[in-house]
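Below are the chains, spelled out letter by letter.
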Amino acid sequence: MLEPRTMNPEPDHDTPMTGTYVKVIVLQVVILALLWIFGRMFS
Amino acid sequence: MHLIDWLVVVAYIGWVIIDGLRRSKGTDKVDGYLLANRSLPWWAVGLSVMATQMSAVTIVGTTGQAYLTGLRFVQLYFGLPLAMIILSLTVVPFFTRARVYTAYEYLERRFDVRVRSLASLLFLVARAASLGVALAAPAVLMSTILGWTIPAAVLVICVPMIAYTTIGGVQAVAWTDVKQMFLVVFGMSSAIAVLLYGIFHSVGLSQALHLAGATGRLQAIDFTFDPRETYTFWSGMIGGLFLMLSYFGCDQSQVQRYLTAKSIDEARQSLLMSAFVKIPLQLLILSTGVLVFVFYLFQAPPMLFNRVHDATVASSPQAGEYAAIQRDFDGAIAARRAAATRGDREAFLSSDARVKDIRAKATGVVKQATGDASYNDVNYVFPTFILTRMPMGLVGLMIAAIFAAAMSASGGELNALATASVIDFYRRHFVTTGSETHYLLASKLATVFWGLFACVVATYAANQGSLIEVVNRYGSFVYGSLLGVFILAILTKRATATGALVGLVAGLISVVTVAWELPWIAYLWHNLIGAVVCVGVGMIVSLLLPEKLKTEK
């Protein structure tokens with residue numbers, strides 16, 4: 001049989017990451033806006 | 001290639017094998033071999049996630065595509081950041097807390113062994129075939145540009161990759177991926193520096209951008225809603241979202257990456273790294289292709305980049321016609337260069353259109369002379385630039401980077417195939433009470449088996465252009481339905497095992513039917529269709545047959 005798993009001290013540590021999710025979305029909006037402006041500027 | 005370039009390539013491959021051997025420490029148990037004892041830091045897992053997704057074809061195919069059509073391919077990734085947030089909130093805590101080796105193990109806990117086995121089988125079939133094809137593409141490329149035979153090219157890619165994956169397990173895969181990602185980014189940045197140096201000898205940055213923009217190559221976003229168009233804002237945001245949810249949430253080759261993280265938090269951070277970095281990284285690769293286009297406005301490009309058929313065409317009845325086309329091409333290139341240099345937009349666009357027409361004509365002649373109807377030179381644009389325009393040393397570095405991408409994408413897949421076959425089938429159905437040593441040996445043998453299987457498929461697929469297309473399409477048949485079954489498992493409480501099983505099969509049938517009957521629908525939408533049908537049918541069956549299911553259980 002398999003031996004018990006090696007446990008990490010805090011493997012189930014689950015911190016809310018709302019701030020990070022907001023940063024991801026803000027970055028994507030900025031990238032999309034820049035790509036759109038860039039395309040218009042040089043079309 | 002110069003001797004120094006060969007030395008760079010050989011040194012890199014040697015380093016990969018030695019480092020893989022060094023990483024085998026701590027992998028003497030199944031948990032260490034398949035999950036690195038859940039000990040890896042988020043940044044290493046995050047880089048491994050990106051390396052597994054980035055194959056050699058991503059580097060050469062994407063740059064070639066950008067050379068021809070510009071930045072629009074980036075739209076495929078528009079759904080990725082949102083997908084990563086959704087996965088961070090849903091499957092990451094589920095899988096990490098469930099202490100599973102494979103994503104499909106969780107399906108047995110939630111439903112039953114039938115759903116787990118079918119889902120894992122679909123993964124194995126799709127991934128095994130695509131692994132062979134993913135190795136065939138760089139092997140064909142390397143054999144063409146370096147003059148090797150296909151089996152030799154396959155072996156040069158596969159032997160180091162099988163060696164370090166078998167010996168070091170998931171740990172070796174992850175740490176090799178980390179180094180390979182740095183090599184790829186450094187290589188691409190070097191190529192961009194060389195391109196800019198060459199371009200700035202002829203024009204300034206502003207004029208270079210205006211020239212690329214005039215041909216539409218800087219138009220990254222297309223807001224038209226047309227299901228026939230593969231890459232639009234909407235297909236990327238909606239179809240791409242479902243593709244990324246399926247790939248990162250249900251494909252063992254990716255799930256296994258973040259199962260190696262130290263904790264839920266670190267697994268989340270590893271996925272969110274892709275959310276931040278993937279689109280900029282893809283833009284870096286695509287920009288390289290656009291810069292190659294601008295570079296060749298001022299330096300004579302070859303008429304066709306894949307020259308493997310040159311001798312055949314030269315000795316065919318079409319030889320005279322081909323020579324005449326080459327003369328036309330040389331004239332059109334000279335006219336385009338003159339128009340680009342003096343900034344005459346109208347003359348530049350008309351001469352560029354003429355260059356395109358002549359290339360199409362030349363491609364037609366090659367197809368006719370060689371009988372190769374699938375002849376295409378997209379994947380040869382960037383390698384041609386590397387071999388003919390980059391300085392000594394950097395050529396070797398870029399070839400090593402292409403090898404690196406091929407090995408890092410395949411190593412993760414190989415590791416995942418071994419894990420799914422041992423955990424979901426061998427340990428579950430055949431030898432249920434084996435020892436730790438027994439399962440470790442089985443995992444290593446499974447890695448070698450899948451590695452050899454991939455070599456054979458790659459060698460065969462290299463000469464079967466249509467087979468590559470079939471395998472790529474098969475992946476899009478499976479992913480949406482797999483996502484649907486995980487949605488039923490994680491987001492609904494009423495879904496039953498029979499409902500999930502019927503939903504999974506219905507999703508597969510619906511996607512195959514749509515692909516067959518409505519071939520004009522772009523493949524990105526298949527993921528959405530498969531997921532929606534699987535969830536819809538799964539819920540209906542679950543609600544209609546709740547009691548019967550209880551009896552069956």
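Caption draft 1: The arrangement of the overall build of chain B in detail. Helix and strand content of chain B: 23 helices and zero strands. Against the compact-globule benchmark of 24 Å for 553 residues, chain B has a radius of gyration of 24 Å, which places it among compact chains. Expressed as a percentage of the 553 residues in chain B, the buried residues total 61%. Intrachain contacts of chain B at a sequence separation of at least 6 include 85% that bridge at least 24 residues. Taking the average place of the 41 positive charges on the side chains of chain B and the average place of its 31 negative ones, the gap between the two points comes to 6 Å.

Caption draft 2: Broad picture of the interface of chain B and chain A. Facing the 51 residues of chain B at the interface are 30 residues of chain A. With both chains or domains summed, chain B and chain A bury close to 3400 Å², and 62% of this area falls on carbon and sulfur atoms. Broken down residue by residue, the surface that chain B buries against chain A is led by B:Arg99, B:Asp265 and B:Phe276, which jointly contribute 17%. Between the two partners, chain B and chain A, sit zero salt bridges. Between chain B and chain A we count three residue pairs in polar contact (both at pLDDT 80 or more) in total.

Caption draft 3: Quick look at the pattern of salt bridges. Residues and elements named next belong to chain B. Going through the model one piece at a time under the given rule, you end up with 15 salt bridges over all chains. Ionic pairing is found between arginine 427 and glutamate 105, a salt bridge with its closest N-O pair at 3.7 Å. Taken together, the positions of arginine 427 in helix H18 (residues 394-430) and glutamate 105 in helix H7 (residues 103-110) put the pair 322 residues apart, joining distant regions of the chain. The exposure class of glutamate 105 is buried, given its relative accessible area of 8%. One salt bridge connects aspartate 377 with arginine 359, and the closest N-O pair in it is separated by 3.0 Å. Of the two residues, aspartate 377 is situated in the loop between helix H16 (345-370) and helix H17 (381-389) and arginine 359 in helix H16; the sequence distance between them amounts to 18 residues. This pair shows no difference in class: aspartate 377 is buried, exactly as arginine 359 is. If you follow the salt bridges from partner to partner, you end up with Glu108, Arg116, Asp424 and Arg428 in one network.

Caption draft 4: The arrangement of the confidence of the model for chain A in detail. In the predicted model, chain A carries a mean pLDDT of 80, and the fraction of residues at 70 or more is 74%. In this model residues 1-8 of chain A is a low-confidence stretch, pLDDT under 50, and it forms 24 contacts with partners more than four residues away in sequence or in other chains.

Caption draft 5: Structural view of the domain arrangement of chain B. Residues and elements named next belong to chain B. Taken domain by domain, chain B comprises domain 1 (3-296 + 388-544) and domain 2 (307-375). Measuring from the centre of the C-alpha atoms in domain 1 to the corresponding centre in domain 2 gives 35 Å. Each partner contributes residues to the interface: domain 1 has nine residues there, and domain 2 has ten residues. Contact with domain 2 buries area across many residues of domain 1, yet Gln207, Leu211 and Ala214 alone supply 42% of it, more than any other trio. If you list the elements that add at least two residues to the side of domain 1 that touches domain 2, you get helix H10 (205-214) and helix H13 (264-298). The element best represented in the side of domain 1 that touches domain 2 is H10, accounting for three residues.

Caption draft 6: View of the confidence of the model for chain B. Residues and elements named next belong to chain B. In the predicted model, chain B carries a mean pLDDT of 89, and the fraction of residues at 70 or more is 97%. The least confident element of chain B, judged by mean pLDDT, is helix H23 (residues 546-552) at 50; the most confident is helix H5 (residues 80-89) at 96. In the model, residues 549-553 has pLDDT below 50 throughout and makes six contacts with residues more than four positions away in sequence or in other chains. Per the prediction output, this complex has pTM 0.89; the corresponding ipTM is 0.86.

Caption draft 7: Structural context of H10(B). All of the buried residues along H10(B) are B:Ala208, B:Leu211, B:Ala212, B:Gly213 and B:Ala214. Downstream of H10(B) by a residue or two, B:Gly216 has a phi angle that is positive, lying close to 85°.

Caption draft 8: Summary view of a nonpolar patch on the surface. Together, A:Trp36, A:Ile37, A:Met41, B:Phe223, B:Phe225 and B:Trp234 line one region of the surface with nonpolar side chains, adding up to about 650 Å² of accessible area. In terms of residues, the nonpolar patch owes the most to one element, helix H1 (residues 18-41) of chain A, which gives three residues. On the secondary structure map, A:Trp36 appears in helix H1. Residue A:Trp36 is classed as partly exposed on the basis of its relative accessible area of 43%.

Reading the values: rules and limits
Residues numbered from 1 in each chain as written. Chains lettered and ligands numbered in written order. Predicted model: local features only at pLDDT ≥ 70, side-chain atom pairs only at ≥ 80, totals over all residues. Heavy atoms only, no water. Helix = DSSP H or I, 4+ residues; strand = E, 2+ residues; numbered from the N terminus. Rg over C-alpha atoms; globule rule 2.2 N^0.38 Å. Buried < 20%, exposed > 50% of the residue type's maximum accessible area, 1.4 Å probe, protein only. Contact = heavy atoms within 4.5 Å. Lys, Arg positive; Asp, Glu negative; His and termini not counted. Charge placed at Lys NZ, Arg CZ, Asp CG, Glu CD. Buried area = accessible area lost by both parts, 1.4 Å probe. Salt bridge = Lys/Arg side-chain N within 4 Å of Asp/Glu carboxyl O. Polar contact = N/O pair within 3.5 Å; in protein donor to acceptor, adjacent residues only side chain to side chain. pLDDT = per-residue confidence, 0-100. Domains from an automatic or database assignment. Patch = residues over 30% accessible without salt bridge, like charges linked within 9 Å, V, L, I, M, F, W, Y side chains within 5 Å. Areas by Shrake-Rupley, 256 points an atom, 1.4 Å probe, with all protein chains shown as cover.

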